[in-house]
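# Descriptive analysis of the structure
Residues per chain, in single letters:
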Amino acid sequence: MNTSQSASYNAGQAKGQAQEKTGQMTEKASDMMQSAKESVQEAGSQMKAKAQDAAEAVKNATGMKN
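Starting from 1, residues in each chain are numbered consecutively following that chain's sequence as written. In keeping with the model being predicted, local features are shown solely for residues with a pLDDT of at least 70 and side-chain atom pairs are shown and tallied solely at 80 or more, while totals for entire chains, interfaces and linings include all residues. As a rule here, side-chain values come from all non-hydrogen atoms in the structure, and water together with hydrogens is ignored.

Where an unreviewed UniProt entry is consulted, the protein chain appears under the name Stress-induced protein KIN2-like, with the organism given as Saponaria officinalis.

## Regarding the overall build of the protein chain
Each helix and strand counted, the protein chain has 1 helix and 0 strands in total. In terms of overall dimensions, the protein chain is more spread out than a globule: its C-alpha atoms have a radius of gyration of 28 Å, far above the 11 Å expected for 66 residues. Referenced to the eigenvectors of the C-alpha coordinate spread, the extents of the protein chain come out at roughly 90 × 10 × 10 Å. Note on classification: 1.4 Å probe, protein chains only; a residue is buried when its accessible area is under 20% of the maximum for its type, exposed when over 50%, partly exposed between these limits. Burial analysis of the protein chain (66 residues in total) assigns 0% to the buried set. What sets the accessible areas is the Shrake-Rupley method with a 1.4 Å probe; for residues, cover comes only from the shown protein chains. Total accessible area on the protein chain stands at roughly 5,900 Å², and carbon and sulfur atoms take up 56% of it. Charge centroids of the protein chain, computed over 8 positive and 7 negative side chains, lie 4 Å from each other. We count a stretch as a helix when DSSP gives it H or I for four or more residues in a row; a strand needs E for two or more, and each element gets its number in order from the N terminus. Values of the radius of gyration come from C-alpha atoms, whereas the globule rule sets the reference at 2.2 Å times the count of residues to the power 0.38. Only four residue types enter the charge count: Lys and Arg as positive, Asp and Glu as negative, with His and the chain ends excluded. Where a charge sits is defined by one atom per residue type, namely NZ (Lys), CZ (Arg), CG (Asp) or CD (Glu).

## What to know about the environment of alanine 36
Counting through the fold element by element, alanine 36 comes out in helix 1 (residues 3-62). Using a relative accessible area of 38% as the deciding quantity, one classes alanine 36 as partly exposed. Between the C-alpha atoms of alanine 36 and asparagine 10, which are 26 residues apart in sequence, the distance is 39 Å.

## Comments concerning helix 1
To estimate how far a helix should extend, the number of its residues minus one is multiplied by 1.5 Å. Taking 1.5 Å of rise per residue, the 60 residues of helix 1 would be expected to cover 88 Å, and the 88 Å separating its terminal C-alpha atoms lies within 8% of that figure. Any pair of nitrogen or oxygen atoms within 3.5 Å is treated as a polar contact; in protein, a donor-acceptor pairing is required on top of that, and neighbouring residues in sequence qualify only through side-chain atoms on both sides. N-cap assignment for helix 1: the residue whose side-chain oxygen lies 3.0 Å from the backbone N of serine 4 is asparagine 2. Just beyond helix 1, the residue with positive phi is glycine 63, at close to 75 degrees.

## Digging into the environment of methionine 33
Position of methionine 33 among the secondary structure elements: in helix 1. Its relative accessible area of 59% is what places methionine 33 among the exposed residues. Taking the C-alpha atoms as reference points, methionine 33 and alanine 54, 21 residues apart in sequence, are found 31 Å from one another.

Spelled out as structure tokens, the structure:
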């Protein structure tokens, strides 16, 4: 293998490694975004439940409950 072929081979190896690393980082970022989305959804559900409880408490306190 001459110098030009060796340099080309090494460049190809570096490109492949960079593409693999990019893929791994993209997958990790996607996983983190999914986790954040689920956390926000859970927080939203908890807030909704608390608001419903508060509304129910107001109805009970004011005698508006059917």
